[in-house]
Amino acid sequence: MTYPQEEQVLEQGTPSPGLFLIAHGRVDVFLNVGASEKVLLANLGPACTVGEIEAIAGRDCLASCIAQPMTTLLLCPTPALFEALRNRLFVQSVADVFCDRLDGDNRGKVMDRHGTIESRLMNLLETLRDHKYTVHTSQSALADMLDCSRQSVNKALASLRRKGLVECGKNRISLLSPEEDSGAPAGGSDGVHSPC
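Criteria and thresholds
Residues numbered from 1 in each chain as written. Predicted model: local features only at pLDDT ≥ 70, side-chain atom pairs only at ≥ 80, totals over all residues. Heavy atoms only, no water. Core = buried A, V, L, I, M, F, W, Y, C linked by side-chain atoms within 4.5 Å. Buried < 20%, exposed > 50% of the residue type's maximum accessible area, 1.4 Å probe, protein only. Helix = DSSP H or I, 4+ residues; strand = E, 2+ residues; numbered from the N terminus. Phe/Tyr/Trp six-rings, centres within 6.5 Å; stacked < 30°, edge-to-face > 60°. Lys NZ or Arg CZ within 6 Å of the ring centre and 35° of its normal. Expected span 1.5 Å × (residues − 1). Contact = heavy atoms within 4.5 Å. Pairing = 2+ DSSP bridges. Salt bridge = Lys/Arg side-chain N within 4 Å of Asp/Glu carboxyl O. pLDDT = per-residue confidence, 0-100. Axes fitted to C-alpha atoms, helices over the stretch in contact; angles between N-to-C directions. Parallel < 35°, antiparallel > 145°, perpendicular 65-115°, else oblique. Left-handed = near helix turned anticlockwise from the far one by under 90°. Nonpolar A, V, L, I, M, F, W, Y, C, P; charged D, E, K, R; others polar. Polar contact = N/O pair within 3.5 Å; in protein donor to acceptor, adjacent residues only side chain to side chain.

## What to know about the nonpolar core
Then step 1. Formed by 21 residues in total, the largest nonpolar core has its most connected members in L121, L125 and L142.
Then step 2. Only α4 (117–128), α5 (139–146), α6 (150–162) and β11 (172–175) provide two or more residues apiece to this core.
Then step 3. Broken down by element, the residue count for this core peaks at five residues, all from α4.
Then step 4. One finds Y3, I22, A63 and L73 within the second-largest nonpolar core, a separate group that totals 16 residues.

## Quick notes on the packing of aromatic side chains
Then step 1. This model, assessed by the stated rule, comprises zero aromatic pairs.
Then step 2. Note that K38 overlies the ring of F30, its terminal NZ or CZ placed 4.5 Å from the centroid.

## Re α6
Then step 1. Taking 1.5 Å as the rise per residue, α6 with 13 residues should run 18 Å; its terminal C-alpha atoms sit 18 Å apart, in good agreement.
Then step 2. Within the span of α6, buried status applies to V153, A156, L157, A158, S159 and L160.
Then step 3. Buried residues along α6 sit against α4, α5, β10 (166–169) and β11.
Then step 4. Immediately beyond the C-terminal end of α6, within one or two residues, lies G164, with a positive phi of roughly 75°.

## Side note on the pairing of β10
Then step 1. One ladder, built from four bridges, connects β10 with β11; its direction is antiparallel. Paired with V166 across the bridge in β11 is L175.
Then step 2. The hairpin turn running from β10 into β11, its antiparallel successor, is two residues long, and N171 in that turn takes a positive phi close to 55°.

## Description of the pattern of salt bridges
Then step 1. Taken as a whole and judged by the stated rule, the model has six salt bridges.
Then step 2. The closest approach of N and O atoms between D28 and R26, which form a salt bridge, is 2.8 Å. An identical accessibility class is assigned to D28 and R26; each is buried.
Then step 3. Its salt-bridge partner being E83, residue R86 comes within 3.4 Å of it at the nearest N-O pair.

## Here's the deal with the confidence of the model for the protein
Then step 1. Across the protein, the average pLDDT comes to 85, with 90% of residues at 70 or higher.
Then step 2. Scored below 50 in pLDDT, residues 179–195 shows 26 contacts in the model against residues more than four places distant or in partner chains.

## Considerations on the packing of helix α3 (residues 88–114) against α4
Then step 1. Running from amino to carboxyl end, α3 crosses α4 at an angle of 160°, the nearest separation of the two axes being 9 Å. It follows that α3 is roughly antiparallel to α4 by the angle criterion. In this structure, α3 crosses over α4, and the sense of that crossing is left-handed. Where α3 approaches α4, its residues R107, G108, M111 and D112 are matched on the opposing element by S119, R120 and N123.
Then step 2. Considering only residue class, the contact of α3 with α4 consists of one nonpolar, three polar and three charged.

## Some points on the environment of D105
Then step 1. Here D105 shows up in helix α3.
Then step 2. By relative accessible area, which is 48% here, D105 ends up partly exposed.

## Details of the environment of T71
Then step 1. Positionally, T71 belongs in strand β8 (residues 71–77).
Then step 2. With 43 residues separating them along the chain, T71 and D28 place their C-alpha atoms 11 Å apart.
Then step 3. Within polar-contact distance, the side chain of T71 engages the backbone nitrogen of R26 at 3.0 Å.

## Some points on α4
Then step 1. The terminal C-alpha atoms of α4, which comprises twelve residues, lie 16 Å apart, in line with the 16 Å expected from a rise of 1.5 Å per residue.
Then step 2. Within α4, burial applies to R120, L121, M122, N123, L124, L125, E126 and L128.

## Brief notes about the pairing of strand β5 (residues 37–44)
Then step 1. Sheet topology note: the strand β4 (residues 27–33)/β5 ladder contains seven bridges and is antiparallel. Its bridge partner being in β5, V27 is matched across the sheet by L44.
Then step 2. Where β4 folds back on β5, the antiparallel hairpin that results is connected by three residues, among which G34 adopts a positive phi of roughly 75°.

This is how it looks when you write it as structure tokens:
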């Protein structure tokens, strides 16, 4: 299904209908904290999946997912998902996604405890980036996620920009490869994993 405008596809605290595969576009994952506050957890792009963990576990969604305009999602309903879990290759693929998410969580915990603002920011940007290595959020939102001031985020971004690691625009930060002057995105063959 293609969503012509922004639409919530999974709601925190409600059951997941199955596995959603992002075929095109972007899905933003938010954690609702309190009555009106939500925290951006990830920007996911093509080939990423959402909802499968909760569908397999029979639990309510742990976060809300919002499809951005012109995003195409393919749904594998829960009964079909369990049928697919009979296939060893499918199980390995789902487990690979789980491992990547766990790895990202572990790296985030280490950064939160031992990293500088700059390294914590870079780790957060890697987590939030979409498939085009772009983060769509404000410096204020990043400061909230890092539990620091917007000025600290601004200084850290300036340092990362001088090192050729990021390029900033209004509510947009692109991760760059420091080795290339062409402005090509980082990641490619350097072993950086997708956040999905």
